[in-house]
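# Coordinate inspection notes
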Amino acid sequence: MASGGDRLRGGIDLGGTKIQTVVVEADGTLHGEARQPTPTSGGPADVARAMEDALREAATAAEVRPEELAGVGVGSPGDADGATGIVSGARNLPGWEGSFPLGEALAKALGAEVRVGNDVQVAVEGEYALGAGKQHDSLLGVWWGTGVGGGIILGGKPWLGRGAAGEIGHIVVERDGARCPCGRRGCMEAYAGRAAMEGEARHRQEKGHKTDLFKLMEKHGKPRLTSGIWERALDHGDDLAGKLIERAIEALGTGVASACNVLDVEAVVIGGGLGVRFGDRYMDALKAEMDKHLFVNERPPAVRVASLGDLGGAIGASLLVGR
Ligand SMILES: [Zn+2]
């Protein structure tokens, strides 16, 4: 137990399906954690209440009261304004098309200072400070999940641009290519994002390709093709699953290498649901694809899989405290 609890801080990773909270020391040492499903109906205030409950649960596990924490950091989807604590356009959360003062609402509810940041950026910063990116001064985080997000650290500092940097999923890997969930064409995410891959799998199945992907999804009671379902299909040697993963790796290799040609970072950290599950399995294939497109390929960046695990987003968010 840290003295009086004053050195402990909270972290909240707000995801589309779950809210993960931690109470940690400044160096990430875990004292308590909790998770709750993200509300699927209602609005931002309901989501904020679920976040409060989950943080309180983690604080109880850490034997500290929320108001004793040095602060609470939040990694949020959508446009998260660190200066005001306002989150806008978090479209994978219920009723959150507009703006909501998440920082203020949580600060009032918890009696602690609350800092808000972008979910992928804080997860990348967590890996930089405490995880797979620890030995490096510059890195590109590639969060391969439902979409493909990213985060950039340059010279030891997060690079946010004017607030929208790091959107590596929308780097163009094929002009006039596949339609991306963002509405444009040929983005890396249109080939590698879990949602886009599921759409393509369905499309090809309807055209007559044989696959067990959707049978496995039903058998395991999943509403969508999760990374676990993809893994099962690949383990069974499912031909369509194999082709679509290969296509995703090609797109990732092309896009990531293109970004590296601009940034020349020391390391690339692959995270996200698909990234953590498949990063090691497809590491050689990914590096081979990158090699085709790296301009200076005799000195490729280190490529590593995120190492903080399921709690990485929440631990990364805790680093916002005191910044
Ligand atoms: Zn796009």
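Report follows, based on the coordinates. All values derive from a computational prediction rather than experimental measurement. (Residues numbered from 1 in each chain as written. Predicted model: local features only at pLDDT ≥ 70, side-chain atom pairs only at ≥ 80, totals over all residues. Heavy atoms only, no water.)

Right, let's get into the sheet that holds strand β6 (residues 87–88). Strands sit in the order β5-β6-β7 across an open sheet of three strands; the sheet is antiparallel. Each of the sheet's edge strands pairs with one partner strand only, and the pair in question is β5 (79–80) and β7 (99–100). Both β6 and β7 contribute to a ladder of two bridges, which runs antiparallel. Bridge assignment links V87 to a residue of β7, and that residue is F100. (Pairing = 2+ DSSP bridges. Helix = DSSP H or I, 4+ residues; strand = E, 2+ residues; numbered from the N terminus.)

Residues L140, V142, W144, L213, W230, L252 and V256 are the most contacted members of the largest nonpolar core, which totals 47 residues. The leading source of residues in this core is helix α8 (residues 239–263), at twelve residues. Apart from the residues within four sequence positions on either side, V256 is in contact with L140, V142, I168, M188, V268 and M290. A34, A50, L55 and V116 belong to the second-largest nonpolar core, a separate cluster that totals 31 residues. (Core = buried A, V, L, I, M, F, W, Y, C linked by side-chain atoms within 4.5 Å. Buried < 20%, exposed > 50% of the residue type's maximum accessible area, 1.4 Å probe, protein only. Contact = heavy atoms within 4.5 Å.)

A few words now on the environment of V122. Locating V122 in the fold gives a position in helix α3 (residues 119–130). In this structure the C-alpha to C-alpha distance between V122 and P158, which are 36 residues apart in sequence, comes to 9.3 Å. Residues in contact with V122, not counting those within four places in the same chain, are G75, G117, G313, G316, A317 and L320.

At the metal site, the zinc ion is ligated by H170 (ND1), C180 (SG), C182 (SG) and C187 (SG), and these contacts range over 2.1 to 2.4 Å. For the zinc ion, the four donor atoms in the first shell make angles of 104 to 113° at the metal, so the coordination geometry reads as tetrahedral. If you list the donors of the zinc ion from N- to C-terminus, the spacing comes out as H-x9-C-x1-C-x4-C. Here the residue H170 occupies a position in the loop between β11 (157–158) and α4 (189–192), and C187 occupies one in the loop between β11 and α4, the gap between them amounting to 17 residues. (Donors = N, O, S within 2.8 Å, 3.2 Å for Na, K, Ca; no water. Tetrahedral: all angles 85-135°; square planar, octahedral: opposite > 155°, others 65-115°.)

All we've got here are geometric facts, nothing functional implied.
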